[in-house]
Protein chains: 2
Amino acid sequence: MQVEDLSARQAALIARLSPLLPGPALLWRKEDTIPYECDGLTAYRARPMAVALPETEAQVQAILRACHALGVPVVARGAGTGLSGGAMPHTAGLTLSLARFNRILEVDPVARTARVQCGVRNIAISEAAAPYGLYYAPDPSSQIACTIGGNVAENSGGVHCLKYGLTLHNVLCVRGYDAHGEAVTFGSEALDAPGLDLLPLIVGSEGMLAVTLEVTVRLVPRPQLARCIMASFGDVRHAGDAVAAVIAAGIIPAGLEMMDRPMTAAVEDFVHAGYDLDAAAILLCESDGTPEEVAEEIERMTAVLRGAGATAIAVSRDEAERLRFWSGRKNAFPASGRISPDYMCLDSTIPRRRLADMLLAIQEMEGKYGLRCCNVFHAGDGNLHPLVLFDANDPDELERAEHFGADILETSVAMGGTVSGEHGVGVEKLNSMCVQFSAQENAQMLAVKAAFDPAGNLNPGKAIPTLARCAEYGRMLVRAGALPHPELPRF
Amino acid sequence: MQVEDLSARQAALIARLSPLLPGPALLWRKEDTIPYECDGLTAYRARPMAVALPETEAQVQAILRACHALGVPVVARGAGTGLSGGAMPHTAGLTLSLARFNRILEVDPVARTARVQCGVRNIAISEAAAPYGLYYAPDPSSQIACTIGGNVAENSGGVHCLKYGLTLHNVLCVRGYDAHGEAVTFGSEALDAPGLDLLPLIVGSEGMLAVTLEVTVRLVPRPQLARCIMASFGDVRHAGDAVAAVIAAGIIPAGLEMMDRPMTAAVEDFVHAGYDLDAAAILLCESDGTPEEVAEEIERMTAVLRGAGATAIAVSRDEAERLRFWSGRKNAFPASGRISPDYMCLDSTIPRRRLADMLLAIQEMEGKYGLRCCNVFHAGDGNLHPLVLFDANDPDELERAEHFGADILETSVAMGGTVSGEHGVGVEKLNSMCVQFSAQENAQMLAVKAAFDPAGNLNPGKAIPTLARCAEYGRMLVRAGALPHPELPRF
């Protein structure tokens with residue numbers, strides 16, 4: 001689009017939206033829109049034509065109708081903490097900030113549900129439910145800042161989602177507006193719904209099917225007690241197999257995390273969590289529930305971990321020690337930032353039984369690409385967060401890091417996993433989607449998108465690659481000789 | 001369609017399919033297709049043009065391609081135990097029996113998964129997993145006969161789905177073919193998938209989006225122990241509130257069922273389960289897990305039930321007594337058959353907190369329609385199975401029973417529930433879908449259906465009503481003066 005076209009479009013949009021919103025709720029000057037040019041994925045940036053900050057449903061509806069009439073793309077935005085660029089603006093579009101929809105509408109302690117507006121922060125739900133001994137289970141690392149609307153868009157996870165499920169498993173109903181500005185409701189308080197169940201389609205759809213304004217979530221009782229086991233292993237094979245053994249024993253820990261030695265070394269230096277630096281890998285394995293349940297589960301997990309070859313086992317004796325065990329895990333990303341100018345965090349998943357294979361494959365890739373990688377995994381559900389360390393100012397290192405990352409993703413898919421566990425696709429993993437899915441599968445998703453939004457107005461260009469993009473990516477990989485798994489990609 | 005058109009169509013279909021299948025695998029003579037003319041909903045019948053019984057994936061693919069080319073509707077069928085007519089044939093279509101896809105392909109005790117063909121019976125999965133101490137949790141009453149493919153189509157539940165979830169929550173991956181005969185895969189072994197998550201859309205889609213051939217399910221450890229509480233209540237208000245109190249106390253029982261006095265009287269006469277016939281309602285409340293967990297949970301549930309006003313409480317002392325407590329519940333339907341020539345089983349859901357309101361509303365309807373109703377509820381998840389008793393040979397009784405049923409469904413929706421909890425919509429509840437959903441919502445579902453099957457070849461006319469049908473139903477209700485809730489329906 002030419003600059004003058006864009007400015008004419010912008011003028012038309014402003015003219016249309018101005019009567020709908022009070023002055024401070026509509027931003028379009030460069031200095032006002034710059035703060036919105038990226039989300040948590042700062043490597044990708046774009047400035048929108050305008051940013052709207054509505055306060056009422058009627059305003060949202062009117063904005064959507066206006067944008068639909070003008071053919072202007074709409075990108076909804078919560079707190080902007082997303083890691084895959086799902087809320088990155090569209091240059092010729094409107095960014096719809098829903099930050100002002102921040103009211104908790106109802107907490108029902110008997111039904112154990114909460115009905116909240118989309119802009120309520122994840123942790124604020126748990127705070128509102130705390131007087132009743134309840135909380136909202138999914139706990140992304142960003143939970144102090146991220147909003148429930150964004151969690152719905154990305155189907156966010158967290159350390160505890162192994163036991164308590166992802167956002168999808170904790171949301172009962174989503175209410176909002178479609179691309180045409182029509183009111184829509186997905187799901188209900190019931191366990192099942194007749195007809196096609198569209199709620200699980202909305203959760204994780206990255207703002208492409210509808211704009212979420214209100215969410216009814218399930219609340220769970222705060223456990224009376226939590227204790228954490230820290231187990232050391234002399235090699236990654238035993239550590240990986242121990243994860244599978246815990247699950248195979250019929251135990252679903254409240255959290256089951258793995259860190260390899262490069263990771264524990266980096267965090268120990270930073271937060272002094274008391275990690276065993278002689279261990280090739282450590283596991284953090286949490287139990288929560290009544291004191292009786294926790295005692296019994298800790299005993300069973302300890303036995304399984306010993307049987308799987310743990311060289312040392314420590315069990316938190318009190319809440320302070322439990323939090324100290326977790327402090328290293330929670331500071332893994334900043335700790336990596338201390339030892340490397342840049343790092344790339346991946347988010348792929350693999351079947352649990354392949355954890356050790358993957359760690360060994362990554363060690364081999366370190367040699368191949370001449371870069372270091374620290375590994376921290378949500379091991380219990382096979383969700384990897386390898387951190388590839390590099391210096392972005394060295395173009396050769398940057399390129400090698402990108403190939404390293406692509407290799408990890410494609411190896412994950414080859415092992416039967418996926419390219420994203422909980423951070424979403426956004427703009428970041430569009431190429432990876434070409435590896436994950438066949439042309440036909442991506443076309444099927446695009447057809448479903450079109451069934452909701454035929455004009456393609458809601459968050460266009462995100463999450464699902466076009467067939468042309470996949471074809472181009474395939475040619476690029478072939479040219480670069482960078483197809484680590486000849487049977488992939490399937491386009 | 002004229003009879004001669006139909007027979008020409010049939011001849012064309014037979015000619016096309018005959019080379020693809022051995023003789024006994026293609027049925028079209030009247031005497032051969034009669035056994036397929038209905039599923040578990042015997043009130044609705046239709047004979048298909050032909051029945052195909054393929055044995056290989058290649059045959060299924062070829063059949064789908066042929067039917068797509070000819071524009072012949074395809075209705076997939078498992079064991080035919082569905083209760084809503086989802087597998088009822090299309091007069092101008094092909095019934096695709098998948099009974100021969102009955103192999104268990106893999107049981108992985110470490111990953112706790114099983115990969116099975118669609119025609120494997122629900123209970124056969126648990127039998128195959130038993131040597132590893134595992135089982136497949138969803139347990140519809142028909143589990144001895146029903147197939148996993150049918151369970152996927154209807155998102156089947158069961159007594160234990162309160163704790164262990166519906167089919168959706170226990171299926172990891174579905175593989176099959178689309179309306180064009182293209183291979184499709186939905187889901188993976190991973191907890192989350194990038195892009196639009198189509199697996200939850202397939203589960204419960206009643207054969208309208210794709211034909212399922214292979215399913216990977218989650219297995220769970222068989223609990224070491226199960227014990228059951230039988231609690232009596234002097235009135236239904238206390239019984240309903242007790243259900244809400246158990247859940248509000250943070251307990252998720254393995255099963256939580258309610259029966260009212262007419263129901264217990266009917267079953268006690270039949271199976272002598274030892275039910276308290278003085279009680280206005282009884283609850284069956286099961287705990288499973290390790291002996292320590294069960295002991296602790298039984299103690300907590302007992303305290304909650306007493307606090308909620310239980311007049312008598314019995315706890316099963318051994319497995320024989322536990323099975324006896326359940327024998328009444330499991331025989332509720334045949335027991336109703338003994339006291340009435342016919343009964344209509346409904347399947348609506350309501351929020352748990354409305355259980356007592358609903359029982360009282362049904363008691364009022366008994367007077368209004370001059371018919372009796374026995375009630376057995378999956379109370380823990382608010383799924384009702386009222387059994388309206390009537391004599392189908394009396395046209396007036398039949399009509400009153402139909403109005404009674406419609407009143408229950410519409411009251412359920414008005415209370416914030418749904419018209420179907422676990423039996424599906426099929427042909428039975430098409431009109432109810434008009435009550436449950438707005439015209440726009442049904443249109444959205446039809447658009448999603450079209451995104452998978454643009455020609456509308458897979459199980460047409462099921463599960464989602466056309467807009468014309470809803471408009472007609474609305475006019476009919478208005479004419480009959482049978483709109484119990486003026487705010488409904490929303491068309």
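Residues numbered from 1 in each chain as written. Chains lettered and ligands numbered in written order. Predicted model: local features only at pLDDT ≥ 70, side-chain atom pairs only at ≥ 80, totals over all residues. Heavy atoms only, no water.

- Going by the annotation in an unreviewed UniProt entry, the name recorded for chain A is FAD-binding protein, with Verticiella sediminum given as the source organism.
- Among the UniProt annotations of chain A, the heading Cofactor (unreviewed entry) holds the following wording: "FAD".
- Its UniProt record gives chain A the following Sequence similarities (unreviewed entry) comment, quoted word for word: "Belongs to the FAD-binding oxidoreductase/transferase type 4 family." (UniProt positions renumbered as here; feature names shortened; annotations may be inferred.)

## Some remarks on the interface of chain B and chain A
Thought 1: Every contact between the two is made by 68 residues of chain B and, on the other side, 68 residues of chain A.
Thought 2: Of the roughly 5,000 Å² buried between chain B and chain A on both sides combined, carbon and sulfur atoms contribute 60%.
Thought 3: The salt bridge involving A:Arg353 is made with B:Asp108; its shortest N-O contact spans 3.7 Å.
Thought 4: Only β9 (183-187), α7 (199-202), α8 (236-248), α10 (291-307), α15 (430-436) and α16 (439-452) of chain B provide two or more residues apiece to the side of chain B that touches chain A.
Thought 5: Examining the composition of the side of chain B that touches chain A, we find that nine residues originate from one element, α16(B), more than from any other.
Thought 6: The residue makeup of the side of chain B that touches chain A, split by class, is 35 nonpolar, 16 polar and 17 charged. (Contact = heavy atoms within 4.5 Å. Buried area = accessible area lost by both parts, 1.4 Å probe. Salt bridge = Lys/Arg side-chain N within 4 Å of Asp/Glu carboxyl O. Helix = DSSP H or I, 4+ residues; strand = E, 2+ residues; numbered from the N terminus. Nonpolar A, V, L, I, M, F, W, Y, C, P; charged D, E, K, R; others polar.)

## Structural notes on the pattern of salt bridges
Pairs can form between side chains of opposite charge once their charged atoms are near each other.
Residues and elements named next belong to chain A.
Thought 1: Summed over all chains, the structure comprises 42 salt bridges over all chains.
Thought 2: A salt bridge links Glu 286 to Arg 322; the shortest N-O distance between them is 2.9 Å. Within this pair, whereas Glu 286 is found in strand β14 (residues 281-289), its partner Arg 322 is found in helix α11 (residues 319-330), the two being separated by 36 residues in sequence.
Thought 3: For Arg 322, a relative accessible area of 12% translates into the label buried.
Thought 4: Glu 472 is the partner of Arg 475 in a salt bridge, and the nearest nitrogen-oxygen pair spans 3.1 Å. With Arg 475 and Glu 472 both in helix α17 (residues 467-480) and three residues apart, the pair spans about one turn of that helix.
Thought 5: According to the relative accessible area criterion, Glu 472 is partly exposed, its value standing at 36%. (Buried < 20%, exposed > 50% of the residue type's maximum accessible area, 1.4 Å probe, protein only.)

## Examining the sheet that holds strand β4 (residues 94-97) of chain A
All names here are of chain A.
Thought 1: A sheet is described by the order of its strands in space; here four strands give the open sequence β1-β2-β4-β3, paired in mixed fashion. Edge positions in the sheet fall to β1 (26-27) and β3 (74-77), since each has one partner strand and no second.
Thought 2: Across four bridges, β3 lies against β4 in parallel orientation. Following the sheet pairing, Val 75 is matched in β4 by Thr 95.
Thought 3: The strands touched by helix α3 (residues 57-70) within the sheet are β2 (50-52), β3 and β4, with β4 carrying the most contacts at an inclination of about 165 degrees. (Pairing = 2+ DSSP bridges. Axes fitted to C-alpha atoms, helices over the stretch in contact; angles between N-to-C directions.)

## Here we look at the domain arrangement of chain A
Residue and element names in this part refer to chain A.
Thought 1: We note that the domain assignment places domain 1 (3-97), domain 2 (104-221), domain 3 (225-334) and domain 4 (340-480) within chain A.
Thought 2: Here domain 1 and domain 2 have C-alpha centroids that lie 24 Å from each other.
Thought 3: In this complex, domain 1 contributes twelve residues to the contact, which on the side of domain 2 involves 16 residues.
Thought 4: For the pair domain 1 and domain 2, the two sides together bury roughly 1,200 Å², of which 58% comes from carbon and sulfur. (Domains from an automatic or database assignment.)

## Description of the confidence of the model for chain A
Detailed reading of the predicted model is not advised wherever pLDDT is low.
Thought 1: In the predicted model, chain A carries a mean pLDDT of 91, and the fraction of residues at 70 or more is 96%.
Thought 2: Overall, residues 482-491 of chain A carries pLDDT values under 50, and its contacts beyond four positions in sequence, including any with other chains, amount to 31 contacts. (pLDDT = per-residue confidence, 0-100.)

## Quick notes on the packing of helix α13 (residues 355-369) of chain B against helix α14 (residues 395-414) of chain B
Any two packed helices are characterised by the angle at which their axes cross and by the distance between the axes.
Residues and elements named next belong to chain B.
Thought 1: One way to put it is that α13 packs onto α14 with a least axis distance of 11 Å and a crossing angle of 155 degrees. Put simply, α13 runs roughly antiparallel to α14. The way α13 lies across α14 gives a crossing that is right-handed. For the pair formed by α13 and α14, the contact residues are Met 358, Ile 362, Met 365, Glu 366, Lys 368 and Tyr 369 on the first element and Arg 400, His 403, Phe 404, Asp 407, Ile 408, Thr 411 and Ser 412 on the second.
Thought 2: In the contact of α13 with α14, the residues fall into six nonpolar, three polar and four charged. (Parallel < 35°, antiparallel > 145°, perpendicular 65-115°, else oblique. Left-handed = near helix turned anticlockwise from the far one by under 90°.)

## Some remarks on the pairing of strand β13 (residues 255-260) of chain B
Residues and elements named next belong to chain B.
Thought 1: Across the six residues that make up β13, a large majority, six, are buried.
Thought 2: Burial along β13 is two-sided: the face carrying Gly 255, Glu 257 and Met 259 and the face carrying Leu 256, Met 258 and Asp 260 are both buried.
Thought 3: Pairing of β13 with strand β14 (residues 281-289), which is carried by six bridges, proceeds in the antiparallel orientation. Along β14, the bridge assignment pairs Met 258 with Leu 283.

## Things to note about the relation of the copies chain B and chain A
Thought 1: Mapping chain B onto chain A is achieved by rotating through 180 degrees and translating by 0.0 Å along the same axis, at an RMSD of 0.0 Å. Such values leave the two copies arranged in the relation of a two-fold axis.
Thought 2: Both copies present the same face, since 100% of the interface residues in chain B are matched by interface residues at the equivalent positions in chain A. (Least-squares fit on C-alpha atoms with pLDDT ≥ 70 in both.)

## Focus: the side chain of A:Asn122
All names here are of chain A.
Thought 1: As for its placement among the helices and strands, Asn 122 is situated in helix α4 (residues 122-129).
Thought 2: Look at Asn 122 and you get buried, because its relative accessible area is 0%.
Thought 3: Among the polar contacts listed, one links the side chain of Asn 122 to the backbone oxygen of Pro 138, at a separation of 3.1 Å.
Thought 4: When neighbours within four sequence positions are excluded, Asn 122 is seen to be in contact with Tyr 136, Pro 138, Pro 140, Gln 143, Cys 146, Thr 147, Ile 148 and Asn 151. (Polar contact = N/O pair within 3.5 Å; in protein donor to acceptor, adjacent residues only side chain to side chain.)

## Quick notes on unusual backbone geometry
Thought 1: Backbone geometry at A:His272 places phi at a positive 55 degrees, although glycine is not the residue there.
Thought 2: Of note, A:His272 is situated in the loop between α9 (261-271) and β14.
Thought 3: In the Ramachandran plot, B:Arg112 falls in the positive-phi region, its phi being about 55 degrees despite a non-glycine side chain.
Thought 4: By secondary structure assignment, the location of B:Arg112 is in the loop between β5 (104-108) and β6 (113-117).

## Details of α3(A)
Thought 1: An ideal rise of 1.5 Å per residue puts 20 Å on 14 residues; α3(A) measures up with 20 Å between its terminal C-alpha atoms.
Thought 2: Turning to α3(A), its buried residues are A:Gln59, A:Val60, A:Gln61, A:Ile63, A:Leu64, A:Ala66 and A:Cys67. (Expected span 1.5 Å × (residues − 1).)

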